[in-house]
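Summary of the model geometry
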Amino acid sequence: MESTAVAGEKLTDKQKYDFKRAIEEIRQLHGRGTELISLYIPPDKQIYDVAAYLRNEYSQSSNIKSQSTRKNVQGAIQSILSRLKAYKKPPPNGLVIFVGEVAVGGDQTRMTQFVLEPPEPITTFLYRCDSEFYLDPLLDMLTEKKAYGMIVIDRSEATIGVLRGKRVQVIKNIQSLVPSKHRMGGQSALRFERLIEIAAHEFFTKVAETANEVFLNMKDLQGILIGGPGPTKDYFYESGYLHHELQKKVIDTFDTGYTDEYGLRELMEKAKERLEDLDLMREKRLMQRLLEEIRKSDGGLAAYGEEEVRRDLLIGAVDTLLISEGLRKRRIGLECTNCGYKQVSTMEKPPENLQCPICGSQTSITTNVDLIDEFYELAEKVGTKVELISNDSEEGEMLLKAFGGIAAILRFRTGG
Ligand code: ZN
């Protein structure tokens, strides 16, 4: 039971970023007609079933009135069919294929093909032919997948669950044996109260033990949310029933009407904003630390701007590298085989004019990488932590606009 609770792979920031960029690129594409095909293949789908489905779509497409659309759709289907021949079965998370004639300005189109192995399993087979590629299932995978423990509790029932992204998983429902307030005849009120308190204490202990068992083993547990109607949830939290390690992770208590699976969903809704804030807070804190250093009269332990940070990174001076997610630049290397001229520089995109500034013959592009990729790689080599900062806060925007999207908190001063 616990193993399913902790299952669910966590993407690294870098993987998430790469995936995001691919989606960004695909999203901008459109067809001139309804002729772009999106295909989602779950891991347990047989390839020959998919092929049969596509062959059927192929014959259906003979009904398409526009000759060019028909030709393009059929061409795309054929291209997918031949692509699928490389697979005996889908990869572990399934396969996503986007194929079609993409408009490239004027009357021109270009046959375009993307084959992605998604970072999470595809759950539903889907074939779609539209003027744009269908990306929703992939976008869902990008939403935050940090794990939060959930407990909804009152004196009669408790439910323990795990929240990952928008998915709530029920781990266990526990019914209490706390007697209701109806006292049996002949019992003294005092004795009855005492019995209730003992039963309640046993119930809370049992809930806490279950929660400890589940949550203490979760490596990526970010925090714990506690919900329920009335004051019981606060009593449960404040009395310290949970293991002290978990107690520290409690984010807050929230009012919910129910203490079953539905209560867990209510808890997710109630806590949503708070969780988004927490993420943003972390980014803000990093940026504030950077700004504090920058403000120091001696320049502090900070560096910013591509060149300065690259230099500090290479000598191992960077503790934490801050990169804006909004950075859209490439590192481009040019080389002239005629005269030996070489140059590496940062630009928006490869230059259109490749003429060698020295001898005038044609240079060739030797390097063409995303600037964020380049910095990630450099950081990895010297063991520096990288934090991708979103543009969702004022500080995040400042990183992009005022510091060129790259800054660093240093281990030691470099006199830069
Ligand atoms: Zn040259």
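As shown above, the structure is provided for reference.
Structural notes, computed from the coordinates. (Residues numbered from 1 in each chain as written. Predicted model: local features only at pLDDT ≥ 70, side-chain atom pairs only at ≥ 80, totals over all residues. Heavy atoms only, no water.)

A separate point is the packing of helix α3 (residues 47–60) against helix α4 (residues 67–84). Interaxial distance between α3 and α4 falls to 10 Å at its minimum, and their mutual angle equals 165 degrees. One finds that α3 runs roughly antiparallel with respect to α4. With respect to the hand of their crossing, α3 and α4 are arranged in left-handed fashion. Of α4, the residues touching α3 (which contributes I47, V50, A51, L54, R55, E57 and Y58) are Q74, I77, Q78, I80, L81 and L84. Tallied by class, residues from the contact of α3 with α4 come to nine nonpolar, two polar and two charged. (Axes fitted to C-alpha atoms, helices over the stretch in contact; angles between N-to-C directions. Helix = DSSP H or I, 4+ residues; strand = E, 2+ residues; numbered from the N terminus. Parallel < 35°, antiparallel > 145°, perpendicular 65-115°, else oblique. Left-handed = near helix turned anticlockwise from the far one by under 90°. Contact = heavy atoms within 4.5 Å. Nonpolar A, V, L, I, M, F, W, Y, C, P; charged D, E, K, R; others polar.)

Across its 14 residues, α3 extends 20 Å between first and last C-alpha, which sits within 8% of the 20 Å expected from 1.5 Å per residue. Every buried residue of α3 is accounted for by I47, V50, A51 and L54. All buried residues of α3 fall inside an arc of 100 degrees around its axis, so they share one side. In this structure, α3 carries Y48 and R55 as exposed residues pointing more than 90 degrees from its buried face. Looking at the buried residues of α3, the elements they touch are β1 (36–41), α4 and β4 (126–130). (Expected span 1.5 Å × (residues − 1). Buried < 20%, exposed > 50% of the residue type's maximum accessible area, 1.4 Å probe, protein only. Arc of directions from axis to C-beta.)

With that out of the way, let us pick up the pairing of strand β12 (residues 330–335). As paired strands, β12 and strand β13 (residues 342–347) are joined by six bridges and run antiparallel to one another. Across the sheet, the residue bridging to L334 is Q343, located in β13. Where β12 hands over to β13, the hairpin turn is made up of six residues, of which G340 adopts a positive phi near 85 degrees. Pairing between β12 and strand β14 (residues 364–370): six bridges, direction antiparallel. Looking at the pairing, G333 lines up with T367 of β14. (Pairing = 2+ DSSP bridges.)

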